[in-house]
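# A look at the structure
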Amino acid sequence: MAHLNPMPVLDREQDRTMILNMGPQHPSTHGVLRVILEIDGENVVRIMPDIGFLHTGIEKTCEAKFYQQVVPLTDRIDYLCPLTNNLCYVLAVEKLLGLEIPPKAQWMRVLLNELTRINSHLVWLGTHAMDIGALTVFLYCFREREDILRLFEAVSGQRMMTSYFRVGGLALPPPLDFFGRVRGFAKTFPSKVDEYENLLTNNPIWTMRTKGVATITAEDAIALGASGPTLRGSGVDFDLRRDMPYSGYENFKFRVPTAKEGDVFARYQCRVQELRESIGIVQQALDGMPEGPIKADAPKVVLPDREKMKTQMEALIYHFKIITEGFAVPEGEVYQAVESPRGEMGYYIVSDGTAKPYRVHMRAACLANMQTLPKMCEGRLLADVVAAIGSIDIVLGEIDR
Amino acid sequence: MPLAAAITDLDLLKGHPSLARLLAWNRNAVQEAKFDREEMSIYIEQASIVEACALLRDDPDCPFNFLSDVTCVDWYPSEPRFEVVYHLLSIPNKERVRLKVRLSGNGPTLESLTPIWPAANYFEREVFDLFGIRFSGHPYLRRLLMPEDWEGHPLRKDYPVEGYR
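None of the values given here were measured: they were computed from a predicted structure. (Residues numbered from 1 in each chain as written. Chains lettered and ligands numbered in written order. Predicted model: local features only at pLDDT ≥ 70, side-chain atom pairs only at ≥ 80, totals over all residues.)

For chain B, the count of helices and strands is 4 helices and 7 strands. Counting from the amino terminus, helix and strand elements in chain B follow one another as α-α-β-β-α-β-β-β-β-α-β. In terms of overall dimensions, chain B is globule-like: its C-alpha atoms have a radius of gyration of 17 Å, near the 15 Å expected for 165 residues. Referenced to the eigenvectors of the C-alpha coordinate spread, the extents of chain B come out at roughly 50 × 40 × 30 Å. Summarising the internal contacts of chain B: among those between residues at least 6 apart in sequence, 50% fall at separations of at least 24. (Helix = DSSP H or I, 4+ residues; strand = E, 2+ residues; numbered from the N terminus. Rg over C-alpha atoms; globule rule 2.2 N^0.38 Å. Contact = placed C-beta atoms within 7 Å.)

Now the structure itself:
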C-alpha cells in the first residue's frame, strides 16, 4: 500500500499529463482497489494499481489455528467462491496426510465447485456489465445467483461462507431433496444463459465497448502470471481441471473454452461458455453420483457422526481429542492448485509435524492477473480502464488476503 | 494409504526433467533435491537462482514457462533462517517443480526474478513486505499489502500473531 507517498512511480516531469486517483471507494473497483492513473487528455499513459486495503493477515492467523480451524478462514479469502477455497485447502491437507477420499465426497465436491463457479461468474457478469453500462443484466444474473445461494444454504446452512468441506470429506450429508433441487436448477439454467447472451453478445453497444479493448497477448499473459479466463481469453488452452485433474475431475467430460483475441470480449466469451460447461459438469455429477460414505475412514482426523459420538465411547474420545488437540500432520510440504473461477488458486502448506500448520500460503489468482492491468490499459482510453478491471474479475479479498 | 518416504537421493531422481536439466548445467548449483508426495523440490544455491530459472524457462524439452508463485518460509530461530520458495509450472508439459533457496537471517538478499518473469514483481514485493527479504534488481521494491509506514514484517515467526501493541 502506498498511503504516505501517493505518487510513488508516476513521472511528473511532463506537464501535459495529469494524475487521477481512482478508488479505493469506486463502484467499478469491486471492493477496495485503488488505481493511480497518469492521463494525457483521455489517454492513459500509466496505471498503477494500489492494493492492500483489505489485508487481514489470514496467512498469519492460519499459523495459530489447528488444521481443521483454518477451513472457515479460507471462505473469507475469495468470498465469491468459498467452496473452491475450501476444496483447495482440504485437498492440500489431505495430500499432506496421504488421505484417500470416498468417491461420493469427491463427486459432491465437484458438483458444488461447479455451482460455485457459476455463482462467481454470475456475479462477475452482472457487475461487469453494469460497469460498462448494461444495467439489466445485473438483475438477471442475481436472480439465478439467488437460486444457487439457496442450494448452498440447503446443503451447508450458510449462503456464502459455506465451510462445507472438511479434511477427509464433507461436513454433513446433503439433505434429502438436495439433488432434486440441483436437477431443477440445472434443467432451467442453460436457457437463462441464452437470456444473458441475448442481452449482450450481439448488442452493438456491448461489442463496441469490449471488442478490441484491453488486449493482451498470450506471451504477455504467461509472463505476467495470468491464469484462468484471463489466460484462456488470449488463446492459451490450459485448465487445471482437465490438465492436472484433482478431486475426480478426470471422470468428467467438458470442453475448455478459449478465445484468441485477448480482449475484453474474448474473456467475456470464455466465461459465458464456462457457464454452459459447468452446468454440464453439474449434470454429469448428478447422473453419476456414487453411493457410499461422505467421510474418509480415518477416525483420528475425521470427526465422528453425532449419532456415534453420543452412543459410542471410542467415538466420543476421538471427537474430544480432535476438537481439543487437533490432529498431527506428518512433516512435509505440498502445493495444491485448483482452477478457481479466476484462475490458478494454490495452497502451499508446510507442516512441522504438529497439529497447527507451520506456514500456509495462498497463491491468489487475482494478484497475478492484476499485474496484466498496465499492459491492458496503457496507451488506451480512460473509459476502457473500467472495462479492463471488470474483465479480469478481481476479488480484493483474495488479492489482499 | 500410508505415505511413501521422501526420496532425496539425486541419482534416483535424475529422471525428472527439471533436475536433469539443472544437473547437466551446473552440478554445484543444486544443493539437494527431494521428491515427496508426488512433488519435486530442488534446493538451489543462492547465487544461481536467476540463471537456474532462466534455464528451466527456456528448456526446449520441458519449458517451465509459468511462474506460479513465490513465497517464503521462516524457520526462526534456526539458521539459515529463510527459505524462499518458487513454484514453476510447465504449461505445455503439465509439470510442476518447486525451487527453494536458503537465506541467512542476517540481511537476507536475493536476486530478483523480474527480468525472467514480470510476474515476479508482485510476488517478490509481497515477500519483501511480509518477510523483509530484499530482492536486488527489483524495479519497485516497496510494501505491497501493509501500509508504507508499518514497522516489522508480520509473517516472520518472531512477530506476534496479535501484532505489537
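Here we take up helix α3 (residues 49-57) of chain B. Residues and elements named next belong to chain B. Along α3, the residues classified as buried are I49, A52, C53 and L56. Taken end-on, α3 shows its buried residues confined to a sector of 100 degrees, consistent with a single buried face. Against α2 (17-25), β2 (39-44), β4 (82-90), β5 (95-103) and β6 (109-111) lie the buried residues of α3. (Buried ≥ 20, exposed ≤ 12 C-beta atoms within 10 Å, placed from the backbone. Arc of directions from axis to C-beta.)

Attention shifts here to unusual backbone geometry. A cis amide bond links Y76 of chain B with the next residue in sequence, P77 of chain B, at an omega value of 5 degrees. Take P77 of chain B: it is sitting in the loop between β3 (66-74) and β4. For the bond running from E79 of chain B to P80 of chain B, omega is -5 degrees, close enough to zero to count as cis. Here P80 of chain B shows up in the loop between β3 and β4. The phi dihedral of A214 of chain A is positive, around 50 degrees, even though this residue is not glycine. With respect to the helices and strands, A214 of chain A occurs in the loop between α7 (204-210) and α8 (218-223). The phi angle at K94 of chain B is positive, at roughly 55 degrees, despite the residue not being glycine. Along the chain, K94 of chain B falls in the loop between β4 and β5. With 13 C-beta atoms packed within 10 Å, K94 of chain B lands in the partly exposed category.

The next thing to look at is helix α4 (residues 103-132) of chain A. The terminal C-alpha atoms of α4 of chain A lie 43 Å apart, and with 30 residues this matches the ideal 44 Å at 1.5 Å per residue to within 8%. The buried fraction of α4 of chain A is high, at 25 of 30 residues. (Expected span 1.5 Å × (residues − 1).)

The next point concerns the packing of helix α5 (residues 135-156) of chain A against helix α6 (residues 178-200) of chain A. All names here are of chain A. α6 packs onto α5 with a crossing angle of 165 degrees between their chain directions and a minimal axis gap of 10 Å. In terms of their interaxial angle, α5 and α6 are classed as roughly antiparallel. In terms of crossing hand, the pair formed by α5 and α6 is left-handed. Contacts between α5 and α6 involve T136, V137, Y140, C141, E144, D147, L151, A154 and V155 from the former and F178, R181, V182, F185, F189, K192, E195, Y196, L199 and L200 from the latter. Here the contact of α5 with α6 is built from residues that sort into 13 nonpolar, 1 polar and 5 charged. (Axes fitted to C-alpha atoms, helices over the stretch in contact; angles between N-to-C directions. Parallel < 35°, antiparallel > 145°, perpendicular 65-115°, else oblique. Left-handed = near helix turned anticlockwise from the far one by under 90°. Nonpolar A, V, L, I, M, F, W, Y, C, P; charged D, E, K, R; others polar.)

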